[in-house]
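What follows is the residue order along each chain.
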Amino acid sequence: MNRRAVLRVGAGLVGAGVVGGCLETETRSVREPDLVEDRPDAVYYPTHSEGMEMVGSASAGEYEVAAMYSYPHRFWTVTGTETTAKPIEDRHAMHLMAVVWDPDTETVLPNAGLSLELTRDGSLVSQENIYPMLSQPMGLHYGNNVEGDGDGTYTAAISIGSIPTEQVRRTGEFQGRFAEPTTAEIEFEFSESARDDLPFETFDDRAGERAALEPMDTMAPSATVRSESDLPGEVRGTAESGDARFVVTLHDEPPAGVDGDGRYLAVFAHTPYNRMVLPAMGLSGSLAGESLSLEPTLDPELGYHYGSAVTEVSAGDRLGIAVETPPQLARHEGFETAFLEMPDAEVRL
């Protein structure tokens, strides 16, 4: 059953640093400001921010799905450590986005393999993969620039594949879940004039700073790592790599579904601002000189993390964390130069 919930959200308007004469508001077409020269190899304040239209949500199988659109805009895909720019094309009418989550725990789900069929009055308009991606206002979501066919009533059929077990281990009550594909359908009204009325702000005075936009408030849950004081288990240390932050916690026993006995070591990876989850990494580790597997794991209590069972942990042990593969996520502006070259990190437990 579809639920219609139409909200107009101005990305970046809630940040106190934005409201001080450093932005310009305008109605505009689908062009982009020039990128900042000499962007840092880190998270940075983007040249601009765009509003979006929340168009609705739907339940589909085990999932809840929300959809929204904004202006078409540039983004970058990532393969290994290489980025590829995806520029705006004349055929693009909107940047369509989706968030997928477990309705019981409100855990946002990565690696779900989304695709889109967009129809208008029953006729196919666009058929696209929707990339898992990261943006400063939204954090983890799925999106792509898509074609349109003028003003009218559209239906977004969002197909959700299974989350591959070889990519993400499920533990606790998530064991055996998110394995069946399904499709959510969300109907919405679209017009070019409504799109062009969405907020658009430029940040000429701050673009390129080592900072980030504040997240926007939407009707969908966000994928964030809890503050250290709220994380389950015992926080044993933190580290940094390629502008990412790692928080290491130790637990009395592994969650159900983890091979091995003893205690459980969890590594939470997040952005330096707003603690947005960084999934889809390949991590390896060493503990007191012994190799350690740090598997991407989705758990209803811990959320998304990288974890391993460990037999013994003593105070002062050194945990080495090596990033074999950086986050394989598409990036909006402000994230495309971060989390690529990620040197080894170490935590003294």
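Criteria and cut-off values
Residues numbered from 1 in each chain as written. Predicted model: local features only at pLDDT ≥ 70, side-chain atom pairs only at ≥ 80, totals over all residues. Heavy atoms only, no water. Helix = DSSP H or I, 4+ residues; strand = E, 2+ residues; numbered from the N terminus. Rg over C-alpha atoms; globule rule 2.2 N^0.38 Å. Buried < 20%, exposed > 50% of the residue type's maximum accessible area, 1.4 Å probe, protein only. Contact = heavy atoms within 4.5 Å. Areas by Shrake-Rupley, 256 points an atom, 1.4 Å probe, with all protein chains shown as cover. Core = buried A, V, L, I, M, F, W, Y, C linked by side-chain atoms within 4.5 Å. pLDDT = per-residue confidence, 0-100. Polar contact = N/O pair within 3.5 Å; in protein donor to acceptor, adjacent residues only side chain to side chain.

What's the story with the overall build of the chain in this structure? I'm lost.
The helix and strand tally for the chain stands at one helix and 26 strands. Since a compact globule built from 349 residues should have a radius of gyration of about 20 Å, the 20 Å found for the chain is in line with a globular shape. Expressed as lengths along the three principal axes of its C-alpha atoms, the size of the chain is roughly 65 × 45 × 30 Å. When each of the 349 residues of the chain is scored for burial, the buried share is 57%. In the chain, of all internal contacts separated by at least 6 residues, the share reaching a separation of at least 24 is 74%. Just so you have it, the chain exposes about 14,600 Å², and 42% of that area is on carbon and sulfur atoms.

Looking at this structure, how should I read the nonpolar core?
One broad rule of soluble globular proteins: the nonpolar side chains tend to lie buried together. Core analysis: the biggest nonpolar cluster contains 94 residues, and Phe188 and Leu319 have the highest contact counts within it. Here this core gets eight residues from one element, more than from any other, and that element is strand S9 (residues 92-102). When neighbours within four sequence positions are excluded, Leu319 is seen to be in contact with Val248, Leu265, Val267, Ser286, Leu287, Leu292, Ala345, Glu346, Val347 and Leu349.

Would you take a moment to explain the environment of Phe174 for this structure?
You can see Phe174 is positioned in the loop between strand S15 (169-170) and strand S16 (182-190). For the pair Phe174 and Gly113, spaced 61 residues apart in sequence, the C-alpha separation works out to 18 Å. The residues contacting Phe174, other than those within four sequence positions of it, are Asp102, Thr105, Thr107, Leu298, Asp299 and Pro300.

It is not clear to me how the confidence of the model for the chain should be interpreted in this structure. Could you clarify?
Any region with low pLDDT has predicted coordinates that should not be read closely. For the chain, the mean per-residue pLDDT works out to 90, and 91% of the residues sit at or above 70. Segment residues 1-29 is flagged for pLDDT under 50; beyond a separation of four residues in sequence, or across chains, it makes 82 contacts in the model.

What am I meant to see in unusual backbone geometry here?
It is generally the case that most residues other than glycine have a negative phi and that most peptide bonds are trans. Notably, Glu106 is not glycine yet its phi reads approximately 60°, a positive angle. Looking at the element boundaries, Glu106 is found in the loop between S9 and strand S10 (107-108). Residue Asp243 is not a glycine yet carries a positive backbone phi of 80°. Here Asp243 lies in the loop between strand S18 (234-241) and strand S19 (244-251).

Teacher, can you tell me more about the environment of Asp299 here?
With respect to the element layout, Asp299 can be found in strand S22 (residues 290-299). Accessibility expressed as a relative area gives 3% for Asp299, which makes it buried. Each C-alpha atom, one on Asp299 and one on Glu173, is 7.5 Å from the other, the two residues being 126 residues apart in sequence. Not counting chain neighbours up to four residues away, the residues in contact with Asp299 comprise Thr171, Gly172, Phe174, Pro255 and His305. Looking at Asp299, its side chain comes within polar contact range of the main-chain nitrogen of Leu302, at 2.9 Å.

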